[in-house]
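Structural overview for review
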Amino acid sequence: MIRVGLGYDLHRLVENRRLIIGGIEFAFEKGEDGHSDGDVLIHAIIDALLGASALGDVGSFFPDTDPKWKDSDSAMLLKEVVNKVYAAGWKIENIDCVVKLEKPKFNPSRIRVIENLAKILGVQTDQIFVKAKTGEKLPPVGTSEAVEAYVTCLLSK
């Protein structure tokens, strides 16, 4: 059996927060506003994996109403989810991602992000790809007010 999952996330960019994408910190004057560390890419990956495996969604696992998850490391959340996906008998075949971000430039860090995600997920780097797009100066991404991520994944059992 194979299943496809779709994940999406958007976070407002604000001052006095770190910008973390795929578990890698980017130097920028703004960061994601979120209950956890706000890692938009990891949150979208979590939703894609949970959707494909029919185990839930990021909000049902890590509700933003629970102070336990305040400022938590999204990489740790992803590790917890992927362990549940594997325990349910699923195998990750591939994950394809799009990050929409006007600034800073994503591509110089793409390999680091892919390597970090592969390590967290326990897969090979050629099973993950991350593409970057800008907002073409259109709000909210193009005016650096937000960052978005879209993710698809293929699971097999």
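Up top you'll find the structure we're talking about.
On a predicted model such as this, the values are computed, not experimentally measured, just so you know.

**Here we look at the packing of aromatic side chains**
One pass over the full model with this rule turns up three aromatic pairs. Relative to Tyr 150, the ring of Tyr 8 has its centre 5.0 Å away and its plane inclined at 50°; by these criteria the two rings are tilted. Taken together, the residues span a long stretch of sequence, with Tyr 8 in strand S1 (residues 2–15) and Tyr 150 in strand S7 (residues 146–156) at a distance of 142 residues. The exposure class of Tyr 150 is partly exposed, given its relative accessible area of 34%. With a centroid separation of 5.7 Å and an interplanar angle of 15°, the aromatic rings of Phe 26 and Phe 106 are classed as stacked. You can see Phe 26 sitting in strand S3 (residues 24–26) and its partner Phe 106 sitting in the loop between strand S5 (91–100) and helix H4 (110–121), a full 80 residues away along the chain. Of the two residues examined, Phe 26 and Phe 106, each falls in the buried class.

**Considerations on the pattern of salt bridges**
Using the criterion set out here, one finds five salt bridges in the structure. For the salt bridge of Lys 91 with Glu 93, the shortest nitrogen-to-oxygen distance reads 3.9 Å. The exposure class of Glu 93 is partly exposed, given its relative accessible area of 28%. Between Glu 102 and Lys 137 there is a salt bridge whose closest N-O contact spans 3.3 Å. Of this pair, Glu 102 sits in the loop between S5 and H4 while Lys 137 sits in the loop between strand S6 (128–133) and S7, and the two are 35 residues apart along the sequence. For Lys 137, a relative accessible area of 58% translates into the label exposed.

**Here we look at the layout of surface pockets**
Looking at the largest pocket, its volume works out to about 260 Å³. Considering the residues around the largest pocket, the lining is formed by 13 residues, among which His 35, His 43, Val 58, Phe 62 and Asp 64 are closest to the centre. Counting only elements with at least two residues in the lining of the largest pocket, the list comes to S1 and helix H2 (58–61). For the lining of the largest pocket, the class distribution of residues is five nonpolar, six polar and two charged.

**Notes on the sheet that holds strand S4 (residues 30–32)**
The strand order S4-S1-S7-S5-S6 describes an open sheet built from five strands, whose pairing is mixed. Strands with a single pairing partner mark the edges of an open sheet, and in this sheet they are S4 and S6. Going across the sheet, the axis of each strand differs from the next one's by a mean of 20°, ignoring polarity. One ladder, built from nine bridges, connects S5 with S7; its direction is antiparallel. Counterpart to Val 98 in the pairing with S7 is Tyr 150.

**Things to note about a nonpolar patch on the surface**
Taken together, the side chains of Tyr 8, Leu 10 and Tyr 150 define a hydrophobic patch exposed on the protein surface, amounting to about 260 Å² of accessible area. Mapped onto the elements, Leu 10 comes out in strand S1. Relative accessible area serves as the criterion here: at 37%, Leu 10 is assigned to the partly exposed category.

**Topic: unusual backbone geometry**
In this structure, the amide linkage connecting Lys 103 to the following residue, Pro 104, adopts the cis form with an omega of -10°. Of the consecutive residues Pro 139 and Pro 140, the connecting peptide bond is found in the cis state with omega at -5°. By secondary structure assignment, the location of Pro 140 is in the loop between S6 and S7. In this model, Ala 54 sits at a positive phi of 55°, which is unusual for a non-glycine residue. Along the chain, Ala 54 turns up in the loop between helix H1 (40–53) and H2. Phi at Ser 144 is positive, roughly 55°, even though this residue is not glycine. Taking the relative accessible area as the measure of exposure, Ser 144 reaches 10% and is therefore buried.

Criteria and thresholds
Residues numbered from 1 in each chain as written. Predicted model: local features only at pLDDT ≥ 70, side-chain atom pairs only at ≥ 80, totals over all residues. Heavy atoms only, no water. Phe/Tyr/Trp six-rings, centres within 6.5 Å; stacked < 30°, edge-to-face > 60°. Helix = DSSP H or I, 4+ residues; strand = E, 2+ residues; numbered from the N terminus. Buried < 20%, exposed > 50% of the residue type's maximum accessible area, 1.4 Å probe, protein only. Salt bridge = Lys/Arg side-chain N within 4 Å of Asp/Glu carboxyl O. 1 Å grid on protein atoms, 1.4 Å probe; cavity = no way out; pocket = protein on both sides within 12 Å on 5 of 7 lines; lining within 4 Å. Points joined across faces, edges and corners; volume = space filled by probe spheres on them. Nonpolar A, V, L, I, M, F, W, Y, C, P; charged D, E, K, R; others polar. Pairing = 2+ DSSP bridges. Axes fitted to C-alpha atoms, helices over the stretch in contact; angles between N-to-C directions. Patch = residues over 30% accessible without salt bridge, like charges linked within 9 Å, V, L, I, M, F, W, Y side chains within 5 Å. Areas by Shrake-Rupley, 256 points an atom, 1.4 Å probe, with all protein chains shown as cover.

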